[in-house]
Structures are given as C-alpha cells and as structure tokens.
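# Chain and residue survey
One-letter residues, chain by chain:
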Number of protein chains: 2
Amino acid sequence: MYTIGQISEMFQIPASTLRYYDREGLFPEMERTGGIRRFGEREVEALRVIECLKASGLEIRDIKQFMAWCVEGPSTYGLRRQLFETRKKAVEEELRQLNKTLDMLNFKCWYYDTAIADGSEDKLNAMLPDKLPPKMQKLYDSCHSKE
Amino acid sequence: MYTIGQISEMFQIPASTLRYYDREGLFPEMERTGGIRRFGEREVEALRVIECLKASGLEIRDIKQFMAWCVEGPSTYGLRRQLFETRKKAVEEELRQLNKTLDMLNFKCWYYDTAIADGSEDKLNAMLPDKLPPKMQKLYDSCHSKE
DNA sequence: CTAAAACTTAAAGTTAACTTTAAGTCAAGC
DNA sequence: GCTTGACTTAAAGTTAACTTTAAGTTTTAG
C-alpha cells in the first residue's frame, strides 16, 4: 500500500492532481486509515488506465463512468470492451491526423531550407501550385487538397 | 477574396473563432473594406498553417509569433525553419506516445474479450503478471514496465 | 511529549481557447 | 429607400483540468 506522496513520486503526478482525480470519483474503492488515502494495486492499475484513457482523449467524467462500471462487476464487461474499442478508433484517427500534420511540417522544413538556399521565396512561389519536385509535390498536395 | 462567412464554411470553423484568431494577431496583414474583413490567398494559407501548428500542439500566442516573423521577411527564415523542426520533434514524440496508448487499448480489448468468453476475470488474473499468451505478453509488458 | 513532515478539506483561483451577448453597422435585393 | 442577412465590436461567460490557499489533522522521528 502506498501513500499519496509515494504515488505522486512514482507516477510523476502532483498530489493535488491525485486528490482531484479522487474527488472526481476515479478511485471509487480507495481505502483510508485515519482519513489518509491508501493506494493499493487496484489504484495503481486504475492510474495506468486513467493515463491511457486520458491519452486517448477521454474526459475525466467518462473515465469516472468506466471506473463505476468496474465496481459494478462482470455485467459491464461488454460496456467496458466497447469503450476500449471506441477509444482505439479515436486514437487511430488521431494517428492519421498527426501523420498528415507531420507531412505538412516536413514540407515546410523543405520549403524554408529551399528559401534559405535561394535567399528568397520567389523561386519557390514560381513553382508553387504544381511544379514542385515530385517528392515534395506529394506532401504539398496532401496538405492543400480540398477543405 | 472571401468574407468571414465564406471562410467559416470552407474550413468548417465558426466565424467567432476566426474573429478570435484575428484579434489574437494570427492574420496580421488582413485587409478590410468598410470595416469588413477580406480573406485573401495569404489568409487562406495562413489558416492552413494555423491548423497544422495547432495540431502539432503549438499555442495561439506562439502561432502569433510565427505570423509576425512572416511579416518581418527573409531575415526570419531561420527562425521559421527552426520552429517547424521543433514541431516535427514534438509530433514525432506524440506519435510514439499514441502508439503506446494504442498498445494498451489493444491489450484491454483482448482482456475483455477473454473475460467475456470466460465469464469472469479469474483465469485472466491467474495468468496476469507473466503467463499471458506471447502476443499479449508484449503489449502487457510495454504498458506495465516501470513508472 | 513534541516538532516537523505529510497528510486532510473546502473553496477560490488559473489557463487556454473559445463562445455568447448586446448593440450596432454594412451590403444586397426589391 | 428599406428590409434582411451578414457583418462589426467590446465585454462577459464557458469549460476542462487542474492548482493554490488557508486552516487544520495525522504520522513519524527524536
């Protein structure tokens, strides 16, 4: 069993944030001795799940719902499974979006490398809509196609 | 040239958000006729860059700085290049993190599939620290190694 | 037994990125 | 010329996720 200070150290999360999570119902079965929180294996695993669900873009209130399902027992396995499936879809979509962002950043890096080499953006602007080097044309098109 | 309503439609961004961006200095050279904003090609491209930099995790105040550099001219090519390089690093790191998150989500999907098939988590908990199927062991380890 | 460190609470404060409101101005069609 | 829809502003409001504060309690070390 750990104190809030030990968990704070272990996960590099401020104790105030852990208390906030507790207040929000993210550790529904946490024990206490003399008013002081005792984090057990259950809470440590909960915190790993919290970090995962947060990273997937889920809000605190929905993480609370998940934790409530865990307390409810086997009857909520389906709901929990469905939640993780939905989060997977969201993360996969976010990965696609981030890869597009990376394409644009790579294009911009090349763009400024070229502008620096040329001393101005004039040459670049002359080739701009569709006379770029093939490698760059792909990146450019993927960022400038239909909004 | 476009009105704010046309750009709002085009990018699916509320007009109030576009006005907010303008107030924050994200369109430093935008023209007006009779008080009304006219978005030209410069602003359309700026908006694409804004969306890219935002998606990379950059804050509005720093996007404003970038736009100011663009107005300053060729002397800031180096700074702009550096910004995109830094953003690339940040996005690459975010991609790594998101892939780890995806690993955990995949593990949890398998976990609940198994729990549903078994009717309880008992079998699962018995194999839990290190007796999982090899495929799952990898995912599990990557989410439970040292905090 | 006592002092200090670590814990507790409720309530107020912070921050970023918008969003809404209220009151008014501009532009297009009839 | 007038109505209507789209635009304008400044200022206040919203939301999520914390963070800080102030006052007090519990645990630990000597």
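Here goes a summary of the coordinates provided. Chains are numbered independently. Their residues run from 1 in the order of the written sequence. For this description, chains carry letters from A and ligands carry numbers from 1, given in the order in which they are written. Local features in this predicted model are restricted to residues whose pLDDT is 70 or higher, and side-chain atom pairs enter the listing and the counts only when it is 80 or higher, whereas totals over whole chains, interfaces and linings include all residues. Where side-chain values are given, they derive from all heavy atoms of the structure, hydrogens and water being excluded.

### Quick look at the overall build of chain A
Convention followed: A run of DSSP states H or I qualifies as a helix once it reaches four residues; a run of E qualifies as a strand once it reaches two. Both are numbered from the N-terminal end. For the radius of gyration, the atom set is restricted to C-alpha positions; the globular benchmark scales as 2.2 Å times the number of residues to the power 0.38. Residue exposure (1.4 Å probe, protein chains only): buried if accessible area is under 20% of the type maximum, exposed if over 50%, otherwise partly exposed. Under this rule, positive means Lys or Arg and negative means Asp or Glu; His and the chain ends count for nothing. Charged groups are reduced to one reference atom each: NZ for lysine, CZ for arginine, CG for aspartic acid, CD for glutamic acid.
Along the backbone of chain A there are seven helices and two strands. Mapped in sequence order, the helices and strands of chain A form the string α-α-β-β-α-α-α-α-α. Rg of the C-alpha trace for chain A: 24 Å, well past the compact-globule value of 15 Å for 147 residues, more than 25% over. If one aligns the C-alpha atoms of chain A with their principal axes, the spans along those axes are about 75 × 35 × 20 Å. Across the 147 residues in chain A, those meeting the buried criterion constitute 45%. Of the charged side chains in chain A, 23 are positive and 24 negative; the average position of the first set lies 3 Å away from that of the second.

### A few points about the protein's contact with DNA strand C
Inclusion rule: The rule for a residue being near a molecule or strand is that one of its heavy atoms must lie within 4 Å of it. Pairs of N or O atoms within 3.5 Å make up the polar contacts considered here, provided that, within protein, one atom can donate a hydrogen while the other can accept it, and that residues adjacent in sequence are counted only when both atoms are side-chain atoms.
As a structural note, the neighbourhood of DNA strand C is formed by 21 residues, with Arg19, Arg32 and Arg37 of chain A together with Thr17 and Arg61 of chain B the closest of them. The protein-proximal atoms of DNA strand C, defined as those within 4 Å of the protein, are 82% sugar or phosphate. Arg37 of chain A is positioned such that a nitrogen or oxygen atom in its side chain is 2.8 Å from a phosphate oxygen of DNA strand C. Residue assignment for the surface near DNA strand C shows that the elements contributing at least two residues are helix H1 (4–11) and strand S2 (36–38) of chain A together with helix H2 (15–23) and helix H4 (60–72) of chain B.

### Looking at the relation of the copies chain B and chain A
Applicable threshold: The superposition of copies rests on a least-squares fit of C-alpha positions from residues with pLDDT of 70 or more in both. Residue contacts are defined here by distance: any two heavy atoms, one from each residue, within 4.5 Å place the two residues in contact.
Mapping chain B onto chain A calls for a screw motion: a turn of 180 degrees about the axis and a shift of 0.0 Å along it, with 0.1 Å RMSD after fitting. When the rotation and shift are considered jointly, the pair of chain copies conforms to a two-fold rotation axis. Within chain B, the C-alpha atom positioned nearest to the axis of rotation is that of Leu95 of chain B, 3.4 Å from it. The fraction of interface residues of chain B whose copies in chain A are also interface residues reaches 100%, indicating that both copies meet through the same surface.

### Quick word on the pattern of salt bridges
Residue and element names in this part refer to chain A. Defined as follows: For this document, the term salt bridge refers to a Lys or Arg side-chain nitrogen within 4 Å of an Asp or Glu carboxyl oxygen.
Scanning the entire structure with this criterion turns up 26 salt bridges over all chains. The shortest N-O distance in the salt bridge between Arg48 and Glu45 comes to 3.0 Å. Within this pair, Arg48 and its partner Glu45 are both found in helix H3 (residues 41–55), separated by three residues, close to a single helical turn. Owing to a relative accessible area of 14%, Arg48 belongs among the buried residues under this scheme.

### Some thoughts on the environment of Gln6 of chain A
By the secondary structure assignment, Gln6 of chain A is in helix H1. When the C-alpha atoms of Gln6 of chain A and Gly119 of chain A are compared, they prove to be 56 Å apart, with 113 residues separating the residues in sequence.

### Quick notes on the interface of chain B and chain A
Using the following cut-off: What counts as buried area is the accessible surface, traced by a 1.4 Å probe, that two parts surrender upon association, with contributions from both included. Polar here means any residue outside two lists: the nonpolar Ala, Val, Leu, Ile, Met, Phe, Trp, Tyr, Cys and Pro, and the charged Asp, Glu, Lys and Arg; Gly therefore counts as polar.
Each side of the interface is counted separately: chain B has 44 residues, and chain A has 44 residues. Across the chain B/chain A interface, buried area totals approximately 3900 Å², and carbon plus sulfur atoms make up 69% of it. At the surface where chain B touches chain A, the tally comes to four salt bridges. Ionic pairing is found between Lys108 of chain A and Glu45 of chain B, a salt bridge with its closest N-O pair at 3.3 Å. Linking chain B with chain A are 14 residue pairs in polar contact (both at pLDDT 80 or more), by the criterion used here. Put simply, the parts of the chain that give the side of chain B that touches chain A at least two residues each are helix H1 (4–11), helix H3 (41–55), H4, helix H5 (77–118) and helix H7 (134–144) of chain B. The element contributing the most residues to the side of chain B that touches chain A is H5 of chain B, with 26 residues. Of the residues assigned to the side of chain B that touches chain A, the class counts are 22 nonpolar, nine polar and 13 charged.

### Description of the nonpolar core
Applicable threshold: We call a set of buried Ala, Val, Leu, Ile, Met, Phe, Trp, Tyr and Cys residues a nonpolar core when their side-chain atoms join them within 4.5 Å.
If you look at the biggest cluster of nonpolar residues, it comprises 90 residues, and the most contacted ones within it are Leu47, Leu53 and Phe66 of chain A together with Leu47, Leu53 and Phe66 of chain B. Leave out the neighbours within four places in its chain, and Leu53 of chain B touches Leu105 of chain A together with Leu58, Ile63, Phe66, Leu83, Phe84 and Arg87 of chain B.

### Points about H1 of chain A
Residues and elements named next belong to chain A. Rule in force here: This arc describes the spread of directions from the helix axis toward the C-beta atoms.
Every buried residue belonging to H1 is among Ile4, Ile7, Ser8 and Phe11, and all of these are buried. Axial view of H1: buried residues confined to an arc of 105 degrees, hence all on one face. Close packing links the buried residues of H1 with helix H2 (15–23), S2 and H3. Looking one or two places after H1, you find Gln12, whose phi comes out positive at around 55 degrees.

### Topic: the protein's contact with DNA strand D
Around DNA strand D, a shell composed of 21 residues is seen, among which Thr17 and Arg61 of chain A together with Gly5, Arg19 and Arg37 of chain B lie nearest. The protein-proximal atoms of DNA strand D, defined as those within 4 Å of the protein, are 83% sugar or phosphate. A distance of 3.0 Å separates a phosphate oxygen of DNA strand D from a polar side-chain atom of Tyr21 of chain A. Taking Lys54 of chain A, its side chain carries an N or O atom lying 3.0 Å from a phosphate oxygen of DNA strand D. The element best represented in the surface near DNA strand D is H2 of chain A, accounting for five residues.

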